[in-house]
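Residues per chain, in single letters:
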Amino acid sequence: MDEPDLFTAAAEELQTREPGRAPLAVRMRPRTLDEVAGQRQLLKPGSPLRRLVTSSRGPAATSSVILWGPPGTGKTTLAHVISQAVEGRFVELSAITAGVKEVRAVIDGARRAVGMSGRETVLFLDEIHRFSKAQQDSLLPAVENRWVTLIAATTENPYFSVISPLLSRSLLLTLESLTDEDIRALLRRAVADERGLEGALELTEEAEDHLVRLAGGDARRALTTLEAAAGAALEKGEPSITLATTETAVNHAAVRYDKDGDQHYDVASALIKSIRGSDVDATLHYLARMIEAGEDPRFIARRLMISASEDVGLADPTALQTAVAAAQAVALIGFPEARIILSQAAIALALAPKSNAAYLAIDAALADVRQGLAGAVPAHLRDAHYGGAGKLGHGKGYRYPHDLPEGIAAQQYAPDAVHGREYYQPTRRGGEARYADVVEWTRGRLRGERRSEQKAERQAGKAEREPERQPGKAEQQAERQPGKAEREPEREPGHKGE
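Nothing here was measured: the structure is a model prediction, and the numbers come from that model.

What about the overall build of the chain?
Right, so step 1: Within the chain, the secondary structure is distributed over 22 helices and seven strands.
Right, so step 2: Residues classed as buried in the chain amount to 40% of the 498 residues present.
Right, so step 3: Counting every atom, the chain has about 28500 Å² of accessible surface; 52% of that belongs to carbon and sulfur.

In structure tokens form, the structure reads like this:
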């Protein structure tokens, strides 16, 4: 079986004969680590990637590495640089097309190479998160025994997409999105370099700024949009790539959002946290990103319904009604009109008064139950409708609230283990202030406190909470009069009335 190769001989020969046929992003791939844009934190002297390129071996040989980062941050580029530097075998597989059979073939070839000539094998595995658990398991013996040095690339969180045994045998290196200055340097090099535009065009400052904004930290996107703008300028016979030409050639910025990956959860999390923080503008920004990326509107509506109870709760009891109505309307209508409905619901939630009391209350109750604080249901609350229940004492002593003037009976409802626990702690924000008063009153009645006692307790508590009383209007006026007299200058004699 032929070994897979990152850059086949045929492709290299064609690129040599006709370099313009290859995309600009391919032509501008760095040849050394020093040409790599960004990722300075991973390319310091002595780093694992530096040691791979310099073929550092011995008792402290380089471990396998997993490169994790967004698209366009240089994962494949780093593999390309390493492939040209290593003295041993370099094999490339893509998890999109390869399976266990191909992995085993590479491992068998690596073992033969080590045994026959001592040559080591570097295996670059792209999109490793697409491998199943069984496929990733097949890599373990080779990595464990260092028959191959694995360089795996992924855009997904490896803690969720890569099996733990493989993670523990590899170094996890996180690649960061390129900074604006990294992208700017990359664009300027592509304009001037002989592999790029060879100085055939100039790039105006306005066009460069626009391309940097469109790139969003993605080197591949930066070079792709530059190539499109350069092609439009050459077709018009213009000597420079201008902002107008760039806007014509590239009229839409692709949204950095992977519906099945980290971006999906990160942007959804930012949406909810912006609602919780009452930042309506940030809320609309993240909502727009999700809509533009083609997110399922039902997913957005579900998140809004959760937020309505978790973050708004009884501070605005209509919030959940609004979110539920929005979800029903979105299911009936769909995009593009559903964007308006989602916008209305998100704005309403962002601007609503906030309370997480309902969220904290159920979690506190669940915590007690999970710790074993359950206990028997009080006898007077047990089911008493069947024959013989009375002999067991079920229902005995139960007081029917509707028979009482105030509709509340002073009796124990909770089991002994949690009797007296107060899970719901209402805030005094928005409409929940009314519930706070109701809870205070009903808890007192359940304890058998009389109305007069409760009133006295509330007044005492209110007095403690209130700041020192401000002087009344008459007192303030009396205080102002002397002050006014003190401020007025003494009148000169001889005025009328003296």
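So, next bit.
Focus on the pattern of salt bridges
Right, so step 1: In this structure the tally under the stated criterion is 17 salt bridges.
Right, so step 2: Residues R195 and D193 are paired through a salt bridge, measuring 3.3 Å at the closest nitrogen-oxygen approach.
Right, so step 3: Among the residues examined, R195 registers a relative accessible area of 16% and is labelled buried.
Right, so step 4: A salt bridge links E440 to R428; the shortest N-O distance between them is 3.8 Å. Within this pair, whereas E440 is found in helix α20 (residues 432-446), its partner R428 is found in the loop between α19 (357-370) and α20, the two being separated by 12 residues in sequence.
Right, so step 5: For E440, a relative accessible area of 35% corresponds to the partly exposed category.
Right, so step 6: Residue R428 is classed as partly exposed on the basis of its relative accessible area of 48%.
Right, so step 7: Residues joined by salt bridges that share partners form a network here, namely E181, R184, R188, E208 and D209.

Brief notes about unusual backbone geometry
Glycine aside, a negative phi is what most residues show, and trans is what most peptide bonds show.
Right, so step 1: A cis amide bond links F335 to the next residue, P336, at an omega of 10°.
Right, so step 2: With respect to the element layout, P336 can be found in the loop between α17 (318-333) and α18 (338-351).
Right, so step 3: With a phi close to 60°, E127 is a non-glycine residue in the positive phi region.
Right, so step 4: Summarising the element assignment, E127 is placed in the loop between β3 (121-126) and α6 (133-137).
Right, so step 5: At E198, a residue that is not glycine, the phi angle is positive and equals roughly 55°.
Right, so step 6: Secondary-structure assignment places E198 in the loop between α10 (180-192) and β6 (202-203).
Right, so step 7: The exposure class assigned to E198 is exposed, which follows from its relative accessible area of 57%.

Some details on the sheet that holds strand β4 (residues 148-154)
Right, so step 1: Strands sit in the order β2-β3-β4-β1-β5 across an open sheet of five strands; the sheet is parallel. Of all the strands in the sheet, just β2 (89-94) and β5 (170-174) have a single pairing partner and so form its edges. In this sheet, neighbouring strand axes are inclined to one another by 15° on average, regardless of whether the strands run parallel or antiparallel.
Right, so step 2: The sheet contact formed by β3 and β4 spans five bridges and is parallel. By the bridge assignment for β4, L123 is matched with L150.
Right, so step 3: Helix α5 (residues 100-117) rests against β2, β3 and β4 of the sheet, and its axis sits at about 175° to β2.

A look at helix α11 (residues 205-215)
Because the α-helix completes a turn every 3.6 residues, residues three or four places apart line up on one side.
Right, so step 1: When α11 is considered as a whole, its buried residues turn out to be A207, E208, H210, L211, V212, L214 and A215.
Right, so step 2: Of the surrounding secondary structure, the elements contacted by the buried residues of α11 are α10, β6, α12 (219-236), β7 (240-241) and α13 (243-249).
Right, so step 3: With its phi angle positive at about 60°, G216 sits one or two positions after the end of α11.

Quick notes on a nonpolar patch on the surface
Right, so step 1: On the surface, Y398, Y400, Y413 and L446 cluster together to form a nonpolar patch covering roughly 380 Å² of accessible area.
Right, so step 2: Along the chain, Y413 falls in the loop between α19 and α20.

Some remarks on the environment of V91
Right, so step 1: Within the element layout of this structure, V91 appears in strand β2.
Right, so step 2: Assessed through its relative accessible area of 0%, V91 is described here as buried.

Quick look at the nonpolar core
Burial of nonpolar side chains together is a common tendency in soluble globular proteins.
Right, so step 1: Counting residues in hydrophobic clusters, the biggest one holds 25 residues, and the most contacted among them are I183, L187, L203, L223, L226 and I241.
Right, so step 2: Elements with a contribution of two residues or more to this core: α2 (24-27), α10, α11 and α12.
Right, so step 3: Looking at which element gives the most residues to this core, the answer is α12, with seven residues.
Right, so step 4: Residue contacts for L223: discarding those within four places in its chain leaves L24, A25, M28, L186 and A190.

Topic: the pairing of strand β1 (residues 64-68)
Consecutive side chains along a regular strand alternate between the two faces of the sheet.
Right, so step 1: Among the five residues in β1, five count as buried, and that is most of the element.
Right, so step 2: A two-sided burial pattern is seen for β1, the buried positions comprising S64, I66 and W68 on one face and V65 and L67 on the other.

What to know about the packing of α11 against α12
Right, so step 1: Contact pair α11 / α12: the axes reach a minimum separation of 8 Å and the direction vectors enclose 135°. With respect to α12, the axis of α11 lies oblique. Like other packed secondary-structure pairs, α11 and α12 cross with a definite hand, here right-handed. Of the residues in α12, those in contact with L211, L214 and A215 of α11 are R221, A222, T225 and L226.
Right, so step 2: Considering only residue class, the contact of α11 with α12 consists of five nonpolar, one polar and one charged.

A short note on the environment of L381
Right, so step 1: Structurally, the position occupied by L381 is in the loop between α19 and α20.
Right, so step 2: The partly exposed category is assigned to L381, whose relative accessible area is 27%.
Right, so step 3: It is 9.5 Å that separates the C-alpha atoms of L381 and R399, two residues lying 18 residues apart in sequence.
Right, so step 4: Filtering out sequence-adjacent residues up to four positions away, L381 remains in contact with Y398, Q412 and Y413.

Rules behind the numbers
- Residues numbered from 1 in each chain as written.
- Predicted model: local features only at pLDDT ≥ 70, side-chain atom pairs only at ≥ 80, totals over all residues.
- Heavy atoms only, no water.
- Helix = DSSP H or I, 4+ residues; strand = E, 2+ residues; numbered from the N terminus.
- Buried < 20%, exposed > 50% of the residue type's maximum accessible area, 1.4 Å probe, protein only.
- Areas by Shrake-Rupley, 256 points an atom, 1.4 Å probe, with all protein chains shown as cover.
- Salt bridge = Lys/Arg side-chain N within 4 Å of Asp/Glu carboxyl O.
- Pairing = 2+ DSSP bridges.
- Axes fitted to C-alpha atoms, helices over the stretch in contact; angles between N-to-C directions.
- Contact = heavy atoms within 4.5 Å.
- Patch = residues over 30% accessible without salt bridge, like charges linked within 9 Å, V, L, I, M, F, W, Y side chains within 5 Å.
- Core = buried A, V, L, I, M, F, W, Y, C linked by side-chain atoms within 4.5 Å.
- Parallel < 35°, antiparallel > 145°, perpendicular 65-115°, else oblique.
- Left-handed = near helix turned anticlockwise from the far one by under 90°.
- Nonpolar A, V, L, I, M, F, W, Y, C, P; charged D, E, K, R; others polar.

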